[in-house]
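# Understanding the architecture of this molecule
These are the residues of each chain, in order.
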Amino acid sequence: MKFSFQSCIILFFVSVIGFTSCKKLDDEPVRTGATLISRLYVSFSDYDQNNSALKNMMIIDPADTTNLDNIYQYLSPAKGGGPILFDAAARAIFQASVTAQDTFLQVIPFANEIYGIPGNAGAIGYTGFTNVRGLAYYTYAQQNGNSGSVTTPFLLAVTNRGAGNSMLYAISTPSGKVGSKGGAPIIDKQINLGTIVPSSLTLLNSITSDSNEKLVLVGFNNEGTENKSGFAVYSQLKQELIDRARDTIVASTRFTPMMKVYINGKTGLGSVSYAPKKNLLAVTSGSEVLFFKDPNTLFSGSTDKTVAPDYVIGGANTGLVKPWGVAIDDRTDQGKFFYVSDLTNRTISRFPLVGLSEGNVKPDIAAKTYGSLTPNYIFLDAREANVF
């Protein structure tokens with residue numbers, strides 16, 4: 001996508017006076033007021049070794065206007081796009097692959113942060129990075145004397161390689177591990193998840209006053225003879241990554257869930273979206289999207305429990321057949337939608353958050369296809385201020 005010289009000049013002056021009405025060429029709807037961020041990252045599962053030009057990543061920007069047509073397509077080195085994540089602090093996109101022959105995590109910094117255009121990708125390679133089911137970005141901040149604080153970032157990845165072989169990987173300063181520069185060890189922790197076979201990975205804000213403390217949610221399916229689905233909740237992330245000495249391999253007996261939350265009558269859990277400001281957590285399941293209110297309370301305690309979703313989005317009106325990716329717009333005032341990718345229909349749909357109690361709700365605009373590509377995982381970068 002190209003941008004006019006005039007648009008760039010406008011953007012420059014806008015940044016000086018603190019008020020903006022920046023516009024992309026041709027296909028971006030007019031927006032007034034302060035410039036806000038609403039970028040939906042789409043990871044396409046398509047891969048063809050004979051078609052090296054097949055673009056497997058797309059950014060819909062903005063995603064919260066009158067259509068989902070304003071796109072930027074990108075060719076990622078991932079051999080079939082899997083879980084995708086953006087973090088504003090990292091100023092980079094992270095993407096895993098869905099194919100077993102690809103053992104790399106892609107790190108894609110911005111070439112242009114203002115317009116959200118990704119630059120050249122770098123790869124972090126390790127033999128264990130196969131069947132990745134979720135990515136997360138964890139930062140640990142500590143005071144550095146009188147000179148301020150120092151933050152150590154970790155890229156987390158969970159893999160589904162069966163009971164006893166599924167792992168949670170932690171990679172510190174992931175941008176510095178691209179291409180294994182300097183001979184730095186690639187993995188800080190390789191944590192065996194025991195009988196848990198992951199379907200997703202999510203970090204939840206802890207109820208403690210320490211912002212470094214996070215709860216780790218690992219989704220799973222088909223546990224035991226009853227084939228239960230739910231989440232394993234772990235509270236030892238900071239302890240394992242920061243407080244303990246560095247270990248390459250951590251046994252499952254040391255990293256154990258403080259509780260499991262089973263979802264009554266639901267199976268086939270897919271990806272998750274956590275919206276702390278909206279006080280919501282969503283997960284795809286079969287032909288539905290399940291929503292839970294007050295996730296901090298839901299996932300607190302030390303005793304296993306079985307719960308029912310507060311809202312279930314599904315039915316003929318939704319148009320959903322096999323939803324997989326989900327993303328909630330968590331902005332306090334501007335966040336009005338959630339987005340869903342569908343593997344069967346090959347669509348991206350946008351739904352109003354106000355319609356959760358209706359269940360069988362229609363998308364607020366027509367579901368969108370992008371040629372023959374299959375949208376897989378999605379991630380929404382929604383910010384109330386364009387802080388770059």
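Just so it is clear, the model here is predicted, and its values are computed rather than measured. (Residues numbered from 1 in each chain as written. Predicted model: local features only at pLDDT ≥ 70, side-chain atom pairs only at ≥ 80, totals over all residues. Heavy atoms only, no water.)

## Some words on the overall build of the protein chain
In terms of regular secondary structure, the protein chain is built from three helices and 27 strands. Expressed as a percentage of its 388 residues, the buried residues of the protein chain come to 52%. When contacts within the protein chain are restricted to residue pairs at least 6 apart in sequence, long-range pairs at least 24 apart make up 56% of them. With the model as given, the accessible surface of the protein chain reaches about 16500 Å², and the carbon-plus-sulfur share is 50%. (Helix = DSSP H or I, 4+ residues; strand = E, 2+ residues; numbered from the N terminus. Buried < 20%, exposed > 50% of the residue type's maximum accessible area, 1.4 Å probe, protein only. Contact = heavy atoms within 4.5 Å. Areas by Shrake-Rupley, 256 points an atom, 1.4 Å probe, with all protein chains shown as cover.)

## Focus: the packing of aromatic side chains
Considering all chains together, one arrives at 13 aromatic pairs under this definition. Ring centres 5.5 Å apart and planes at 10° place the aromatic pair Y41 and F86 in the stacked group. With a gap of 45 residues between them, Y41 in strand β1 (residues 37-44) and F86 in strand β4 (residues 81-87) connect regions that are remote in the sequence. Aromatic side chains F86 and F110 sit 5.4 Å apart centroid to centroid with 35° between the ring planes, which places their arrangement in the tilted category. Of this pair, F86 sits in strand β4 while F110 is found in strand β6 (residues 104-112), placing the two residues 24 residues apart along the sequence. Neither F86 nor F110 differs from the other in exposure class; each is buried. Grouped by ring-pair contacts, the aromatic residues Y41, F86 and F110 constitute a single cluster. If you follow K228 out to its NZ or CZ, it ends over the ring of Y262, 4.6 Å from the centre. In this structure, R350 is placed above the aromatic ring of F337, and the distance from its NZ or CZ to the ring centre is 4.0 Å. (Phe/Tyr/Trp six-rings, centres within 6.5 Å; stacked < 30°, edge-to-face > 60°. Lys NZ or Arg CZ within 6 Å of the ring centre and 35° of its normal.)

## Focus on the pattern of salt bridges
Under the counting rule described, the total for this entry stands at 16 salt bridges. Residue D188 pairs with K177 through a salt bridge whose shortest N-O separation is 3.6 Å. You can see D188 sitting in the loop between β11 (167-172) and β12 (189-192) and its partner K177 sitting in the loop between β11 and β12, a full 11 residues away along the chain. What makes D188 buried here is its relative accessible area of 13%. (Salt bridge = Lys/Arg side-chain N within 4 Å of Asp/Glu carboxyl O.)

## Here we look at the sheet that holds strand β20 (residues 288-293)
Strand order in the open sheet formed by four strands is β18-β19-β20-β22, and the pairing between neighbours is antiparallel. In the strand order of this sheet, the two ends are held by β18 (269-275) and β22 (311-313), each with one partner. Averaged over all neighbouring strand pairs, the angle between strand axes comes to 20°, with direction disregarded. (Pairing = 2+ DSSP bridges. Axes fitted to C-alpha atoms, helices over the stretch in contact; angles between N-to-C directions.)

## Regarding the confidence of the model for the protein chain
Here the protein chain averages 88 in pLDDT, while 87% of its residues score no lower than 70. Scored below 50 in pLDDT, residues 1-34 makes 51 contacts in the model with residues more than four places away or belonging to other chains. (pLDDT = per-residue confidence, 0-100.)

## Things to note about the nonpolar core
Judged by nonpolar contacts, the single largest core of 23 residues is most densely connected at Y138, L156, L168, L193, L201 and Y234. Breaking this core down by element, the ones donating at least two residues are β9 (132-143), β10 (149-159), β11, β13 (198-205), β14 (214-223), β15 (228-234) and α2 (237-243). Once you skip the residues sitting within four places of it in the chain, L201 turns out to touch R133, G134, L135, A136, L156, A157, V158, L168, V216, L217 and V218. Within the second largest apolar cluster, 20 residues are counted, among which are A92, V107, I124 and Y169. (Core = buried A, V, L, I, M, F, W, Y, C linked by side-chain atoms within 4.5 Å.)

## Points about the sheet that holds strand β21 (residues 305-307)
Spatially, β13-β14-β15-β17-β21 is the arrangement adopted by the five strands of the open sheet, whose pairing is mixed. Each edge of the sheet is formed by a strand with only one pairing partner; in this case those strands are β13 and β21. This sheet shows a mean twist of 25° between the axes of neighbouring strands, independent of strand direction. Where β14 meets β15, six bridges bridge the pair, whose relative direction is antiparallel. Note on β15: the bridge partner recorded for V218 is A232.

## Observations concerning the pairing of β15
Among the seven residues that make up β15, six are buried, leaving the element largely enclosed by the rest of the structure. Two successive antiparallel strands, β14 and β15, enclose a turn made up of four residues, where G224 displays a positive phi of approximately 70°. As paired elements, β15 and strand β17 (residues 259-263) share four bridges and run antiparallel to each other. In the strand pairing of β17, A232 is matched with K260.

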